[in-house]
Amino acid sequence: MPKKSSIKSVLIIGSGPIVIGQACEFDYAGSQAARSLREEGIEVTLINSNPATIMTDKVVADNVYLQPLEPESIIQILENHKIDAVLPTMGGQTALNLAIKCEEMGIWEQYGVEMVGVDIAAIEITENREAFRNLMGEIDIPMAPQATAKSFLEGKEVAQEFGFPLCIRPSYTLGGAGASIVHDPEEFDKLLERGLQLSPIHEVMIDKALIGWKEYELELLRDANDNVVIICSIENFDPIGIHTGDSITVAPAMTLSDKTFQRLRDMAIKMMRSIGNFAGGCNVQFAVSPDENEDIIAIEINPRVSRSSALASKATGYPIAKIASKLAIGYHLDELKNQITKTTSALFEPTLDYVIVKIPRWNFNKFPGTNRELGLQMKSVGEVMGIGRSFQEALQKACQSLEINRNGLGADGKELTSQNEILHSLEHPSWNRLFHIYDAIKLGIPFKTIVDKTKIDIWFLKQIEDLIKLERKIEKFHLGNLPKELLFEAKQKGYADRQIAHLVRCLESEVYTKRTEFGINRVYKLVDTCAAEFEAKTPYYYSTFEYENESVVTDKKKVVVLGSGPNRIGQGIEFDYSCVHGVLAAKEMGYETIMINCNPETVSTDFDTADKLYFEPVFWEHIYDIIKHEKPEGVIVQLGGQTALKLAEKLERFGIKIIGTSFEALDLAEDRGRFSKLLEKNNIPFPKYGIVESAEQALELADDLGFPLLVRPSYVLGGQKMKIVINKEELEHHVVDIINEMGANQILLDHFIGGAIEAEADAICDGKDVYIIGIMQHIEPAGIHSGDSYAVLPPYNLGDFVMTQIEDITNKIAVELKTVGLINIQFAIKDDKVYVIEANPRASRTVPFIAKAYDEPYVNYATKVMLGAKVKDFNFNPKKEGYAVKIPVFSYEKFPDVKKELGPEMKSTGEGIRFIKNLKDPFFTKIYSERNMHLSK
């Protein structure tokens, strides 16, 4: 049937600030859902407290409420608007919990709001572990022995009945918070108590742990007519015991027999139908025994768009959130078009003629001393996805996307060779597990030992062994006599030119020249949902090494936008926001837009954001081949954070135009010596500083600068490895630490101005004229990273004299750097004197916040300036009413053993926004008194 005629307006609930376990995949889902509903003429109202999202833009929703995700905010919306239905399945667990709370309070009934996409009964039964287990028993779906415990004593009784190992899972938590596998009765008491405390209803489910079983996920969609499609099967490389968000995953499933896959399908559909009569998306997780029987046990079902839904959408090209939102308002699957082919229906299940590999990205270095072992509680902060014609090619491309100073899997001289260290790593998995499996196979550790310690399917190990065998063949040659067939095989299996250069002992550029002479060139294939059975209309590409190229180059003027790669602390969703607005602005200027990115969670990698999407590593070789193929007018690097900026130097060297601020200006701002001379020439104050390359030099310089000192490496984002030191012992230790971790890199020493106020300004400059979009004052004193500070826009107590200095300095620096686009400048203020800490002529984390606070599309304006517009062309009209407060959000609960002290290195995972009318607001007075003179949260 067509959409319900009774639904004319829908409320979408967002997921709030980014935290570990709930990241920007929900911005992608919410944005897609809002656009999908508006296509149907439905008025969309959206609530979210995260300013760094596309979903909270006017381009996405009709009415946007940047408000706390609380029932009071929902009531305010329902008082202001006639809302017919609420869609709570696009905002993760946060949105579902709020929907349940409003239901319990009678808010939906009071205002006549229908819940669509799911029903409360379905949410309740999937979150109530005991009720879910009973239901599964009624429909003959096997589950592991388990029981609920609402007290410490009940938990002890369950443990005595089941025996160890056991799995503890708190009810109603996110990202596996508090979940753990317990082998030792002595650990059990502590972990049981912690699980009970973390559950909002003081309840845990205790399961018999299925150690060594394989884990699979299925993504489903169902319509009101009870039609069900399986969008994607996903296999976890890691076995049960590691949270799926921390596991490497592969689609389609690689090691599953067809008979067992059909059983999983039937069970997943049966489970979805049993939990409630709703139309929408579902994610179902299973454990499968690693033997010939392939016994199946259900783990859980999530009746909402999940973290895996974004991955499945990008893996298949099937827009799950978009279709799920249309199903929620009454459409049937057979009435909707496949968005890729435009001819087949949405009832057509995707077929893949390629493989995708997702690898998580961790930030353990931000939390020294924490337990880095992976388990049931998610700890990763982001992820990448590689697409290839084989598992091996997709695996190498995913490794190249991670930005962890590896050129792929192996062939870079960074292997671990200590057998004891490797064996310990295999038994205690961490962020480097995949690389240590490669090292173990290369070292000759038997497969039986590796399987015993990791429980990883031998098929995956054989695939990695095959790569090592290929490397050994290649190493027997030098570049001059390397056979074409062997080079072609290496490229087909995903090896980068850099890796091959390492194996044949030459330069990357020489390998590139050689393969070009051989005619071994990258070609581009369409992600088409149907294995080329039907013609695809959507230009969504991945690269491989074959002979047929499916990417047709147009004669339009075009621009490439480099994405920001995987989310991590210091470089998150804010940069994806900027990239998306850059694409939209370039389209408005008449350019064909080309997006290059490898993050499956983002709006930038939605197939209909840019005119062309290349889902490829933001890695030089891939970028260069796309540029050679497309021949754009130039490349925008200043929107994608440090990921894109690091490629600027190479783009310049290869004669590729950088659109906006030049590489020379970008490099000048990073080179502290040259930048300080620029400040001196313009009589701009800055802290005394020096540049060193060794601990000896640092100790000598410290005598001149005096303590305390701010120590930081060059060319980093998020305050990586920044620290305030107060004596020579601390200085020596930290400099040695930086050199060991980051290699050859200039290290900056600044005299730290204690007790200073910190502020920052963002501006747009066209090389001549400057418009300051916002000045923010931090609540914490200088010394806390700007990303971890509460900040107020506009400043709350900087006098006119200080504000004038900030404005003058911002104008001078922007023009002196010949900035074309965005610039962010950070200041320390003491005794009414303004010092420049640093300047970054690029998009900053704060731009989306200012844009939302003042209701102006500043990245859009800045991109148009990069493409030739002038600052004076725009009619800036910011809505400056009251104050906006930036609220940093942390995920410390994932790292309970870490010290929660803040400093110059950023640790927050996301941010929220709060609007206040004046400085007497209780929210402001509370945080000001709590945070202004304290350095820890």
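Residues numbered from 1 in each chain as written. Predicted model: local features only at pLDDT ≥ 70, side-chain atom pairs only at ≥ 80, totals over all residues. Heavy atoms only, no water.

J.: Give me the lowdown on the packing of helix 1 (residues 25-39) against helix 10 (residues 307-316), citing residues and values where you can.
T.: Running from N to C, helix 1 and helix 10 point in directions that differ by 70°, and their axes come no closer than 8 Å. Comparing the axis directions of helix 1 and helix 10 gives the class roughly perpendicular. Crossing angle aside, the handedness with which helix 1 passes helix 10 is left-handed. In this structure, helix 1 uses Glu25, Phe26 and Tyr28 to contact helix 10, whose residues at the interface are Arg307, Ala310, Ser313 and Lys314. The residue makeup of the contact of helix 1 with helix 10, split by class, is 3 nonpolar, 1 polar and 3 charged. (Axes fitted to C-alpha atoms, helices over the stretch in contact; angles between N-to-C directions. Helix = DSSP H or I, 4+ residues; strand = E, 2+ residues; numbered from the N terminus. Parallel < 35°, antiparallel > 145°, perpendicular 65-115°, else oblique. Left-handed = near helix turned anticlockwise from the far one by under 90°. Contact = heavy atoms within 4.5 Å. Nonpolar A, V, L, I, M, F, W, Y, C, P; charged D, E, K, R; others polar.)

J.: For the side chain of Asn48, give the residues involved together with the corresponding values.
T.: Along the polypeptide, Asn48 turns up in strand 2 (residues 43-48). At 2.7 Å, the side chain of Asn48 and the backbone nitrogen of Gly16 are in polar contact. Discounting residues that sit within four places of it in the chain, Asn48 has contacts with Gly14, Ser15, Gly16, Thr53, Met55, Thr56, Tyr65, Leu66, Gln67 and Leu69. (Polar contact = N/O pair within 3.5 Å; in protein donor to acceptor, adjacent residues only side chain to side chain.)

J.: Summarise the sheet that holds strand 3 (residues 63-66); cite the residues concerned and give the values.
T.: Within the open sheet, the 5 strands sit side by side as 3-2-1-4-5. Their pairing is parallel. Every other strand in the sheet has two partners, leaving strand 3 and strand 5 (114-115) as the edge strands with one partner each. Sheet topology note: the strand 1 (residues 9-13)/strand 4 (residues 85-87) ladder contains 3 bridges and is parallel. If you follow Val10 over to strand 4, its bridge partner there is Ala85. (Pairing = 2+ DSSP bridges.)

J.: Please set out the pairing of strand 9 (residues 204-208) residue by residue, giving values where relevant.
T.: As a general feature of sheets, a regular strand has side chains that alternate between the two faces. In terms of residue burial, strand 9 counts as a mostly covered element, since 4 of its 5 residues are buried. Across 4 bridges, the pairing between strand 6 (residues 146-149) and strand 9 is antiparallel. Note that in strand 9 the partner of Ala147 across the bridge is Ile206. When strand 7 (residues 166-170) meets strand 9, the two strands line up antiparallel, connected through 5 bridges. Paired with Pro170 across the bridge in strand 9 is Val204. (Buried < 20%, exposed > 50% of the residue type's maximum accessible area, 1.4 Å probe, protein only.)

J.: Just give me the short version of the packing of aromatic side chains, but keep the residues and values in it.
T.: Tallied over the entire structure, the rule returns 28 aromatic pairs. Plain terms: the ring middles of Phe488 and Tyr547 are 5.7 Å apart, the flat faces sit at 35° to each other, and that makes the pair tilted. Of this pair, Phe488 sits in helix 17 (residues 484-492) while Tyr547 sits in the loop between strand 18 (540-544) and strand 19 (558-562), and the two are 59 residues apart along the sequence. Assessed through its relative accessible area of 70%, Tyr547 is described here as exposed. Residues Tyr858 and Tyr861 carry aromatic rings whose centres are separated by 6.3 Å and whose planes lie at 75° to one another, so their mutual orientation is edge-to-face. Placement of the pair is Tyr858 and Tyr861 together in helix 30 (residues 858-866), with a separation of 3 residues, close to one helical turn. Through a chain of ring-to-ring contacts, three or more aromatic side chains come together here, namely Phe364, Phe367, Phe890, Tyr892 and Phe895. Here the basic side chain of Lys557 rests over the ring of Tyr591, its NZ or CZ set 4.3 Å away from the ring centre. (Phe/Tyr/Trp six-rings, centres within 6.5 Å; stacked < 30°, edge-to-face > 60°. Lys NZ or Arg CZ within 6 Å of the ring centre and 35° of its normal.)

J.: Now, about the environment of Lys646: what can you tell me, with residues and values included?
T.: Looking at the element boundaries, Lys646 is found in the loop between helix 22 (641-645) and helix 23 (648-653). It is 44 Å that separates the C-alpha atoms of Lys646 and Leu333, two residues lying 313 residues apart in sequence.

J.: Let's hear about the nonpolar core: which residues, and what values?
T.: Counting 174 residues, the largest nonpolar core has Ile12, Ile359, Ile464, Leu562, Val637, Ile764 and Tyr858 as the members making the most contacts within it. In contact with Ile764, not counting residues within four places along its chain, are Asp769, Val770, Tyr771, Ile773, Gly821, Leu822, Tyr858, Tyr861, Ala862, Val865, Val871 and Phe876. Grouped together as the second largest cluster of nonpolar side chains are 52 residues, Ile13, Ile100, Trp108 and Leu256 included. (Core = buried A, V, L, I, M, F, W, Y, C linked by side-chain atoms within 4.5 Å.)

J.: So what about a negative patch on the surface? Which residues, and what values?
T.: On the surface, Glu696, Glu700, Glu729 and Glu732 cluster together into a patch of negative charge. Put simply, the parts of the chain that give the negative patch at least two residues each are helix 26 (695-705) and helix 27 (728-742). Tracing the sequence through the fold places Glu700 in helix 26. When its relative accessible area of 60% is taken as the criterion, Glu700 is described as exposed. (Patch = residues over 30% accessible without salt bridge, like charges linked within 9 Å, V, L, I, M, F, W, Y side chains within 5 Å. Areas by Shrake-Rupley, 256 points an atom, 1.4 Å probe, with all protein chains shown as cover. Salt bridge = Lys/Arg side-chain N within 4 Å of Asp/Glu carboxyl O. Lys, Arg positive; Asp, Glu negative; His and termini not counted. Charge placed at Lys NZ, Arg CZ, Asp CG, Glu CD.)

J.: Mind laying out the environment of Val792, listing which residues take part and the relevant values?
T.: Note on placement: Val792 falls in strand 29 (residues 791-793). Assessed through its relative accessible area of 0%, Val792 is described here as buried. With 119 residues separating them in the primary sequence, Val792 and Gly673 have C-alpha atoms 31 Å apart. Val792 has contacts with Ile775, Met776, Gln777, Ile779, Tyr883, Ala884, Val885 and Phe924, leaving out every residue within four places of it along the chain.

J.: Describe the pattern of salt bridges, and please don't skip the residues or the numbers.
T.: Within the structure shown, the criterion is met by 59 salt bridges. Residues Glu621 and Arg515 are paired through a salt bridge, measuring 3.7 Å at the closest nitrogen-oxygen approach. One end of the pair, Glu621, is in helix 21 (residues 620-630); the other, Arg515, is in helix 19 (residues 508-518), and 106 residues separate them in sequence. Residue classification places Arg515 among the buried residues on the basis of a relative accessible area of 1%. Shared partners join several salt bridges into a network, and the residues in it are Arg35, Glu39, Glu40, Lys322, Lys326, Asp606 and Asp608.

J.: Residues and numbers for the side chain of Glu215, please.
T.: The residue Glu215 is located in strand 10 (residues 214-222) in this model. Residues within four places of Glu215 in sequence aside, it is in contact with Ile234, Glu235, Asn236, Ile240, Ile242, Thr244, Gln285, Phe286 and Ile299.

J.: I'd love a proper account of the sheet that holds strand 31 (residues 833-840), names of residues and values included.
T.: What the 7 strands build is an open sheet, ordered 31-30-27-28-29-32-33; its pairing is antiparallel. A strand with exactly one partner marks an edge of an open sheet, and here the two such strands are strand 31 and strand 33 (910-916). Ignoring which end each strand starts from, the neighbouring axes of this sheet average 25° apart. Two elements, strand 30 (residues 820-830) and strand 31, share 7 bridges in a ladder whose sense is antiparallel. Paired with Gln826 across the strands is Glu838, a residue of strand 31.

J.: Provide a residue-level description of helix 19, including the pertinent values.
T.: Listed as buried for helix 19 are Glu508, Val511, Tyr512, Lys514 and Arg515. Down the axis of helix 19, the buried side of the element spans an arc of 165°, and every buried residue falls inside it. Phi for Gly519, located one or two positions after helix 19, is positive at around 75°. (Arc of directions from axis to C-beta.)

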